[in-house]
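# Report on the structure
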Amino acid sequence: MIFQKFPRFLHISRLALASVEKNSLATLRKKTGYTFANCKKALELHNNDIKLAEKWLNEQAQSMGWSKATKLAQRVTSQGLVGVLVRGNIGAMVEVNCETDFVARNEHFKIFVDHVSRVCAQYTELTQFDGDLWKSGFEAEALRNLKAPDGKSLADHLALLIGTVGENAAIRRAICFKVNNDLKLSGYAHPQAASIASTQNVTQVGKYGAIIAFRTPHQDDELQKNLCQHIIGLNPQKVGEEGKDEPLSNKDDETSLIHQEFLVDEERTVGEVLKENNLEIIDYQRYECGEVAKNEELEQAKLTN
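Looking at an unreviewed UniProt entry, the chain carries the name Elongation factor Ts, mitochondrial, with the source organism given as Glossina palpalis gambiensis. Here is the UniProt Subcellular location (unreviewed entry) comment for the chain, exactly as written: "Mitochondrion". On record in UniProt, under Function (unreviewed entry), the comment for the chain is "Associates with the EF-Tu.GDP complex and induces the exchange of GDP to GTP. It remains bound to the aminoacyl-tRNA.EF-Tu.GTP complex up to the GTP hydrolysis stage on the ribosome."

Here we come to the confidence of the model for the chain. Model confidence for the chain is summarised by a mean pLDDT of 86, while 82% of its residues fall at 70 or above. When mean pLDDT is compared element by element in the chain, strand S7 (residues 208–215) scores highest at 98, while helix H1 (residues 2–32) scores lowest at 59. Scored below 50 in pLDDT, residues 9–17 shows zero contacts in the model against residues more than four places distant or in partner chains.

Every buried residue of helix H2 (residues 36–45) is accounted for by Cys39, Ala42 and Leu43. The arc that holds the buried residues of H2, viewed along the axis, is 95 degrees, so those residues lie on one side. In H2, the exposed positions that point more than 90 degrees away from the buried face belong to Ala37, Glu44 and Leu45. Directly beyond the C-terminal end of H2, a positive phi value near 50 degrees is found at Asn47.

Core analysis: the largest hydrophobic core is formed by 29 residues, its most contacted members being Phe109, Val116 and Cys120. Those elements that provide at least two residues to this core are strand S1 (79–87), strand S2 (90–98), helix H4 (101–104), helix H5 (107–125), helix H7 (154–165) and strand S4 (169–179). In terms of residue count, the dominant contributor to this core is H5 (seven residues). In this structure, Ile232, Leu279, Ile281 and Tyr284 belong to the second largest nonpolar core, which totals 19 residues.

When the charged atoms of two side chains with opposite charge come close together, those side chains can pair. Under the counting rule described, the total for this entry stands at 17 salt bridges. Two residues, Glu95 and Arg173, come together in a salt bridge whose shortest N-O distance is 2.7 Å. Residue Glu95 is located in strand S2, and its partner Arg173 is located in strand S4; the two are separated by 78 residues in the primary sequence. Taking relative accessible area as the criterion, Glu95 reaches 0% and is therefore assigned buried. Two residues, Lys238 and Asp245, come together in a salt bridge whose shortest N-O distance is 2.7 Å. On the basis of relative accessible area, Lys238 is assigned to the partly exposed category, the value being 36%. Salt bridges sharing common partners tie together Asp132, Asp182, Arg215 and Glu280.

Its location among the elements puts Ala169 in strand S4. Residue Ala169 is classed as buried on the basis of its relative accessible area, which comes to 6%. Taking the C-alpha atoms as reference points, Ala169 and Ala104, 65 residues apart in sequence, are found 9.8 Å from one another. In this structure, Ala169 is in contact with Thr77, Asn97, Cys98, Leu158, Leu161 and Ile162, ignoring residues within four places of it in sequence.

One open sheet accounts for three strands, arranged S5-S7-S10; its pairing is antiparallel. Two strands in the sheet have a free side with no partner beyond their single neighbour: strand S5 (183–190) and strand S10 (280–288). Each strand of the sheet is rotated relative to its neighbour by a mean of 15 degrees, with strand direction disregarded. Sheet analysis places S5 next to S7, joined by eight bridges and oriented antiparallel.

The rules behind each value
- Residues numbered from 1 in each chain as written.
- Predicted model: local features only at pLDDT ≥ 70, side-chain atom pairs only at ≥ 80, totals over all residues.
- Heavy atoms only, no water.
- UniProt positions renumbered as here; feature names shortened; annotations may be inferred.
- pLDDT = per-residue confidence, 0-100.
- Helix = DSSP H or I, 4+ residues; strand = E, 2+ residues; numbered from the N terminus.
- Contact = heavy atoms within 4.5 Å.
- Buried < 20%, exposed > 50% of the residue type's maximum accessible area, 1.4 Å probe, protein only.
- Arc of directions from axis to C-beta.
- Core = buried A, V, L, I, M, F, W, Y, C linked by side-chain atoms within 4.5 Å.
- Salt bridge = Lys/Arg side-chain N within 4 Å of Asp/Glu carboxyl O.
- Pairing = 2+ DSSP bridges.
- Axes fitted to C-alpha atoms, helices over the stretch in contact; angles between N-to-C directions.

The structure is reproduced here in structure tokens:
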């Protein structure tokens, strides 16, 4: 009797074990995004321990990433995303590039843009300064050397990304803001896949980005967003000063922000809108994804001609 039940018990045990393995495999794939075969191998090597399997996969991807990064280093990276993060009195805007728009839409790539933005914000938070506004730019090499919370450099994390997405990628640049006293910050990235209820401590990603530092006694999120959209759309070269910078006769050629026709209401200039709302823009920064790469290509063309 006992022996008759034993094969059935063994069959049920095998089914239960197979179910556990299947669940572990599904969990690991969802968590890491790595291939079925790699996740299966990782679990087999580590007795279905998901944490150990994930660690092994990341180490393998890191190693492969550095190898791929070396092989793919000469490939042009003119696609990518701009990330904009505003957190209280701190703002960071970064540009991360890749080879194709397909990879730029990849969730792993977007998560990496968020990661770089937060590391930049973390370093900005440590900055002490006198005055109302601190603003500093980071070039590619300086960004690669920044340390993430896990102790690894952004270059290490970039290699992991390259190993995951399978094409060249680069951390191009970043600009960071920190304000004191009565100054405030607002940021926007365009286009956005969906509307965001609050942009505080959320990394917005798009092909364009802008951050403004401003002074106002009021809080009008919609107006601040519209001003960022205006800067992205019309690309002013400076804020401009009343009485010093005269408006151009041809409005389409205007480069001073205060004299440009407001993007959302062309009947008024930006300067008029600022006065009506008791808002003063102290400084701003605009990024367009790929513009640095385009400029580098033009410079290279000049040298070869």
